[in-house]
Amino acid sequence: MSENVIIEFDKVVKRFGKYTVLDELSFKIQPGEKVTIIGPSGSGKSTVLRILMTLETINGGVVYVDGKPLWHEKAADGSLRPASEAHLRQLRTMLGMVFQQFNLFPHMTVLRNITEAPVQVLGLPKAEARQRAEELLELVGLTDQMHKYPHQLSGGQQQRVGIARALAMRPKVLLFDEPTSALDPELVGEVLRVIRRLAEEHDLTMLLVTHEMRFAREISDRVMFFDQGRICEQGTPEQLFSSPTKERTREFLRSTL
Ligand code: ADP
Ligand code: MG
C-alpha cells in the first residue's frame, strides 16, 4: 500500500449471522482528506466507523490504519483478531470518534470528561491535560461551561464537549457518526460550525457520516454514497451532488430533499 494512505479498507467483509453488512468494501483515505459517507439507513455506514474504532471485528479482507493491519489472525470462528492488544491500543490512539448520542460520562464535569482519557490512557500530567482541555473548550466555545455536568448542558453543547473530548487525544483521524442527528434543529448549526472549523485544519483527517447534504457538500473533499454495504458511487461533492451517474444515487439524493 502506498505511503500516502492513512486508512484503507481492502475487500472488507462484515457479516452479522447470515446477513452481509459490508460486501468486499474497498476504499482509501489520504492524510488530511475530509471524506463524507452518505447513504440510506442500514447501508453499513456506522459499521465502517465501528470497525475502525475496533468496536467490531471483520470476517474477511484487511483494514489498514497508517499502513498497519488492524487484525491478523483468524480465530476459530473464522473472524479476524488483533495480533496483540498493545498493537491495537497503539493504532486506536490515532483515531477519535464523535458519536450521535454524545456518550459523555454523566458523573464527570465537562473538564473531567475531556481530561480523563489523556491522563488515564496517555499518561499525560494532569496540569498539561487541563491546559489542553481549556484550549479545546475555547475552540468549541464552552469555556464558561467547564465545571458543569453533561445534564446541565443543551444537546448542542454536549456534542461540542464530545468533539473536544475526541480531540484531546490528539487523533490523526476524527470519525463522526451523524453528529447532529440527535439534536433539535436549532442546535445543529452550532455543532456544524465547530466541525467546519476543524475541516479547515489541513492536518486532520476526517471521515464523517451525515444526513446534512448541504454541509457535506461544503466541507468534503470527497463524498462516498453507500448502498447495501458497497460504495455505489463516489466523487467530489460537485460530481456527486450535481451530476451523479447512477440512478440509485439520484433516487437517494431526491429522497433527502
Ligand atoms: P447505517 O449506519 O448505514 O444505518 P449500520 O452500519 O448501522 O447502517 O448497519 C448496517 C446493517 O447491519 C443494518 O441492517 C443493521 O441492522 C445491521 N447491524 C448493525 N449492527 C448489528 C449487530 N450488532 N447485530 C446485528 N445486525 C447489526
Ligand atoms: Mg448509522
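Residues numbered from 1 in each chain as written. Chains lettered and ligands numbered in written order. Predicted model: local features only at pLDDT ≥ 70, side-chain atom pairs only at ≥ 80, totals over all residues. Heavy atoms only, no water.

Q: Give me the lowdown on the nonpolar core, citing residues and values where you can.
A: Within the largest apolar cluster, 35 residues are counted, with the highest numbers of intra-cluster contacts made by Ile163, Phe176 and Met206. Where this core is concerned, the elements lending two or more residues are helix H3 (110-120), helix H4 (126-139), helix H5 (155-168), strand E9 (173-177), helix H6 (185-199), strand E10 (205-209) and helix H7 (213-219). With eight residues, the single largest contributor to this core is H6. Leave out the neighbours within four places in its chain, and Phe176 touches Leu49, Val98, Ile163, Ile195, Leu198, Met206, Leu207, Leu208 and Val209. (Core = buried A, V, L, I, M, F, W, Y, C linked by side-chain atoms within 4.5 Å. Buried < 20%, exposed > 50% of the residue type's maximum accessible area, 1.4 Å probe, protein only. Helix = DSSP H or I, 4+ residues; strand = E, 2+ residues; numbered from the N terminus. Contact = heavy atoms within 4.5 Å.)

Q: Tell me about the sheet that holds E10, and please be specific about residues and values.
A: Taken together, the six strands give an open sheet; going across it, the order is E8-E9-E10-E3-E11-E12, and neighbouring strands pair in mixed fashion. At either margin of the open sheet sits one strand with a lone partner, and together these are strand E8 (95-98) and strand E12 (230-235). Ignoring which end each strand starts from, the neighbouring axes of this sheet average 20° apart. The sheet contacts of H6 involve strand E3 (34-38), E9 and E10, and relative to E10 the element is tilted by about 145°. (Pairing = 2+ DSSP bridges. Axes fitted to C-alpha atoms, helices over the stretch in contact; angles between N-to-C directions.)

Q: Go over the sheet that holds strand E1 (residues 7-16), please, and point to the residues and values.
A: In spatial order, the strands read E2-E1-E4-E5; together these four strands make up an open sheet with antiparallel pairing. Across the chains shown, the open sheet's two edge strands, defined by having one partner strand only, are strand E2 (19-29) and strand E5 (68-69).

Q: Would you mind going over the pattern of salt bridges in detail, with residue names and values included?
A: Applying the stated criterion across every chain, the model contains 15 salt bridges. Between Glu218 and Arg214 there is a salt bridge, with the nearest N and O atoms lying 3.8 Å from each other. Highlighted residues: Glu218 and Arg214, both in helix H7, separated by four residues, approximately one helical turn. A salt bridge links Glu251 to Arg248; the shortest N-O distance between them is 3.6 Å. Residue Glu251 and its partner Arg248 are located together in helix H9 (residues 247-255), separated by three residues, close to a single helical turn. Because the salt bridges share partners, they merge into one network encompassing Lys14, Arg50 and Glu56. (Salt bridge = Lys/Arg side-chain N within 4 Å of Asp/Glu carboxyl O.)

Q: Break down the site of ligand 1 for me, with residues and values.
A: Around ligand 1, the structure places Phe16, Tyr19, Val21, Pro40, Ser41, Gly42, Ser43, Gly44, Lys45, Ser46 and Thr47. Separating an oxygen atom of ligand 1 from a backbone N or O atom of Ser43 is a distance of 3.1 Å. Residue Lys45 places a side-chain N or O atom 2.8 Å away from an oxygen atom belonging to ligand 1. In the complex, 60% of the free accessible area of ligand 1, which totals 560 Å², lies under the protein chains. When contributions to the shell around ligand 1 are tallied by element, the ones reaching two or more residues are E2 and helix H1 (45-52). It is H1 that provides the largest number of residues to the shell around ligand 1, a total of three residues. (Near = heavy atom within 4 Å. Polar contact = N/O pair within 3.5 Å; in protein donor to acceptor, adjacent residues only side chain to side chain. Areas by Shrake-Rupley, 256 points an atom, 1.4 Å probe, with all protein chains shown as cover.)

Bear in mind that shape data such as this cannot, by itself, settle questions of function.
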